[in-house]
Amino acid sequence: MKRPSLGAILLGLVPFVANCFSVALWDRVYPTVLSLPFNFFWLISWLLLTPLCMWGAYRLEEPRALDTRSEEGGTD
Amino acid sequence: MNPSLVALAIISGIVAAGSVVGFFARFHHKMDLEQWTVGGRGFGLVLVWLLMAGEIFTTFTFLGASGWAYSKGGPVLYILGYSPLIYVVSFFILPLIWEVGRKYHLQTQADFFQVRYGSTYLGAFVALVGVVSLVPYVQIQVTGLGLIVEIASFGAIHRTPAIIVGFALVAGFVFMSGVRGVAWVSVIKDLLLLLTAVFIGFAVPHVYFGGIGRMFATFAQTNPGHLTMPGATKNLGHAWYVTTVLLISFGFYMWPQYFAASFTARSGRILRRNAVIMPLYAITMPLMFCVGFSALLIMPGLSNGDLSLLTLVRKTFPAWFLGIVGGAGALTAMVPAAIQLLTGATLYSKNLFRPILAPGMTDQQVAKLAKIMVLVLTSGAVILAIYSSLSLVSLWLMGSAGVAQLFPGVVLGLFSRRATTSGVFAGIAAGISIVVFLMLTGRDPYFGLNAGFIALCINFVVTGVVSALTPVRVAGFEETLPTLPPSQSGSAVSLT
């Protein structure tokens, strides 16, 4: 199948770096933000920031998906 | 009036109302298999969102997440960690799965493997992995129902009879409602659960501490180690976190019921948009953690962390409110359990039993078999629920490790021309063997790493090596592969 564009993959990697690989950097109680422990605040923020990254990926991928559909003669 | 009677009466009322809605919803639609399993592939953004969100918010998130916050502390953050990431992965693979699903009339996950790798046996093997992994997931729901009945009766109904009541509710619900009914009840339970979860999440810390911030401040003074990893555990540190988050992120949409949910969408674009907005739904999750943390400060020493949310609600609020929470919780267990059971029974009958053991079976016989399978699977889950003492989250991790072994076959199936039938077969077999061995011998985590993740890595290597050594039979979905007949076996899995 058609592979996703490099830009979309990089945007998809951002939440993985933030939520997963960098755990040792943010898994701490202080400094508290909005009176939440830092690790809580960090992960909650990424619930909101991940849609932003993926919205960017959507903007990159959707035109390509449309190309594929018209190549195949699809009407969807 | 006796508080346990009030609570139990309200729970029964909510469960009965839900079942009645399910029962009547199914009468409006005459369904063939295509309609029944994948909703005619005509669901739009909102309905797909509701369906996926509804299936994902289960007893595991409601009782299990607060339970782990109570008993384990920091490691529970892995749930918040993987929540947005599963949608990132879904963004890249679900639209493609949808596309081949439409092209080849796929209805189940095993169909995908069968068509892509040209092997009925591989399809059957994948179905077996799916069905077996679903058992602990159903067990979570049955156990959750048992806990609700036990707490709401103030201990008057003990664990084992409570679990059997849970079993009766789930099995009855599946037979009464069918999938269309389940979808309607799902909307009701989502609203009820969201409202109660948000209310409890804010109200409990407010009543005891004057707010979530103060609750955390108290916690940070008295027991700061509980809030970070490894929390109250010795072996669930950062390496475990990273490997577990990766395992679930890759494995989540390998659950056969979630995989097949992508076939219900009207277009691939709907699935992409859905993936963009879904992380917002997880915003209720931290509130469940707050309840678990509050419970540990208020009433430490519970033998079972999974009881913490319900016990705290019982202690804090009047009996009628416990009834509403219990009723919401009961529907939250019944709806996903019904979908899991229907998926498991369909996989078993359509992709495993008939093609391998009894190709001559009529559709009516297959339908009967699927009904029996619902009972078999539920009974298996009940027996396990009665005899096992694993926490809800541990059960979920076990099933997830199993289904995640299907990930290499799906991803390579979509993007690689080199993956062979034997390679994928060998990879899944190796992965599953390692998961079973490490978990049954108590080696999870193994050297601080998630056992399922270790198995997934070995699975990828075995798939790659064996694929390199064996000839390619089918080089990808772009080839014109034999399509499954549009409405194979009409009433095969119509349980109602």
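Computed from a prediction, not measured in an experiment: that's the story for all the values here. (Residues numbered from 1 in each chain as written. Chains lettered and ligands numbered in written order. Predicted model: local features only at pLDDT ≥ 70, side-chain atom pairs only at ≥ 80, totals over all residues.)

(A) Geometry of the overall build of chain B. Of regular secondary structure, chain B possesses 20 helices and 0 strands. Buried positions account for 60% of the 496 residues belonging to chain B. Put simply, of all contacts in chain B between residues at least 6 apart along the chain, 85% involve residues at least 24 apart. (Helix = DSSP H or I, 4+ residues; strand = E, 2+ residues; numbered from the N terminus. Buried ≥ 20, exposed ≤ 12 C-beta atoms within 10 Å, placed from the backbone. Contact = placed C-beta atoms within 7 Å.)

(B) Main features of the overall build of chain A. Across its full length, chain A holds 3 helices and 0 strands. Ordered by position from the N terminus, the helices and strands of chain A form the series α-α-α. Split into buried and exposed, the 76 residues of chain A put 29% on the buried side. A separation of at least 24 residues holds for 59% of the contacts in chain A among residues at least 6 apart in sequence.

(C) Structural context of the interface of chain B and chain A. Listed per partner, the contact involves 40 residues of chain B and 33 residues of chain A. Contributions of two or more residues to the side of chain B that touches chain A are made by helix H5 (77-104), helix H9 (212-222), helix H10 (238-251), helix H12 (268-277) and helix H18 (407-415) of chain B. Broken down by element, the residue count for the side of chain B that touches chain A peaks at 11 residues, all from H5(B). Of the residues that constitute the side of chain B that touches chain A, the class distribution is 30 nonpolar, 7 polar and 3 charged. (Nonpolar A, V, L, I, M, F, W, Y, C, P; charged D, E, K, R; others polar.)

(D) Region of interest: the environment of B:Gly399. Residue and element names in this part refer to chain B. Assignment of secondary structure puts Gly399 in helix H17 (residues 392-404). For the pair Gly399 and Arg443, spaced 44 residues apart in sequence, the C-alpha separation works out to 16 Å. With residues near it in sequence (within four places) discarded, Gly399 still touches Ser133, Leu134, Pro136 and Tyr137.

(E) Spotlight on the packing of helix H7 (residues 120-152) of chain B against helix H19 (residues 421-440) of chain B. Residues and elements named next belong to chain B. Two elements in contact, H7 and H19, have axes whose closest approach is 11 Å; the angle formed by their N-to-C orientations is 20 degrees. Relative to H19, the element H7 is oriented roughly parallel. Of the two elements, H7 crosses H19, and the hand of that crossing is left-handed. For the pair H7 and H19, the contacting residues are Leu122, Phe125 and Val129 in the first and Thr421, Val424, Phe425, Ile428 and Ile432 in the second. Residues of the contact of H7 with H19, tallied by class, amount to 7 nonpolar, 1 polar and no charged. (Axes fitted to C-alpha atoms, helices over the stretch in contact; angles between N-to-C directions. Parallel < 35°, antiparallel > 145°, perpendicular 65-115°, else oblique. Left-handed = near helix turned anticlockwise from the far one by under 90°.)

(F) Here's a closer look at the confidence of the model for chain A. All names here are of chain A. Looking at chain A as a whole, the pLDDT averages 87, with 87% of positions reaching at least 70. Across chain A, the secondary-structure element scoring lowest on mean pLDDT is helix H3 (residues 38-71), at 87, and the one scoring highest is helix H1 (residues 6-21), at 95. Long-range and interchain partners of residues 72-76, a stretch whose pLDDT sits below 50, account for 3 contacts in this model, where long-range means more than four residues apart. (pLDDT = per-residue confidence, 0-100.)

(G) Main features of the nonpolar core. Residues and elements named next belong to chain B. Counting residues in hydrophobic clusters, the biggest one holds 184 residues, and the most contacted among them are Val142, Val170, Tyr253, Met254, Ala330, Met334 and Ala338. Sort the elements by how many residues they give to this core and H7 lands first, with 19 residues. Two domains each donate at least three residues to this core, and these are domain 1 (3-391) and domain 2 (405-477). Beyond its immediate stretch of four places on either side in the chain, Val170 contacts Gln141, Val142, Met334, Ala337, Ala338 and Thr378. (Core = buried A, V, L, I, M, F, W, Y, C linked by C-beta atoms within 7 Å. Domains from an automatic or database assignment.)

(H) Highlighting the domain arrangement of chain B. Residues and elements named next belong to chain B. Examined at the domain level, chain B breaks down into domain 1 (3-391) and domain 2 (405-477). Using C-alpha coordinates to define each centre, domain 1 is positioned 26 Å away from domain 2. Residue assignment for the side of domain 1 that touches domain 2 shows that the elements contributing at least two residues are H5, helix H6 (109-117), H7 and H10. Examining the composition of the side of domain 1 that touches domain 2, we find that 8 residues originate from one element, H10, more than from any other. When its residues are assigned to classes, the side of domain 1 that touches domain 2 shows 16 nonpolar, 7 polar and 1 charged.

(I) The arrangement of H18(B) in detail. Counted residue by residue, H18(B) has 7 buried out of 9 residues, so it is predominantly covered. The inward-facing, buried residues of H18(B) abut H5, H6, H10, H17, H19 and helix H20 (451-469) of chain B.

(J) Quick look at the confidence of the model for chain B. All names here are of chain B. Residues at a pLDDT of 70 or more form 90% of chain B, whose mean pLDDT is 85. In this model residues 487-496 is a low-confidence stretch, pLDDT under 50, and it forms 39 contacts with partners more than four residues away in sequence or in other chains. What the predictor reports for the complex is a pTM of 0.89 with an ipTM of 0.91.

(K) Geometry of the packing of helix H4 (residues 59-71) of chain B against H7(B). Residues and elements named next belong to chain B. Running from N to C, H4 and H7 point in directions that differ by 65 degrees, and their axes come no closer than 10 Å. As for how H4 packs across H7, the hand of that crossing is left-handed. Contact residues: Thr59, Phe60, Leu63 and Gly64 in H4; Ile140, Gln141, Gly144 and Leu147 in H7. Looking at the contact of H4 with H7, its residues break down into 4 nonpolar, 4 polar and no charged.

(L) Fine view of the environment of B:Asn235. Residues and elements named next belong to chain B. With respect to the helices and strands, Asn235 occurs in the loop between H9 and H10. Along the chain, Asn235 and Val187 lie 48 residues apart, while their C-alpha atoms are 39 Å from each other. Leaving out residues up to four positions away in the same chain, Asn235 has contacts with Pro230, Trp240, Pro445 and Gly448.

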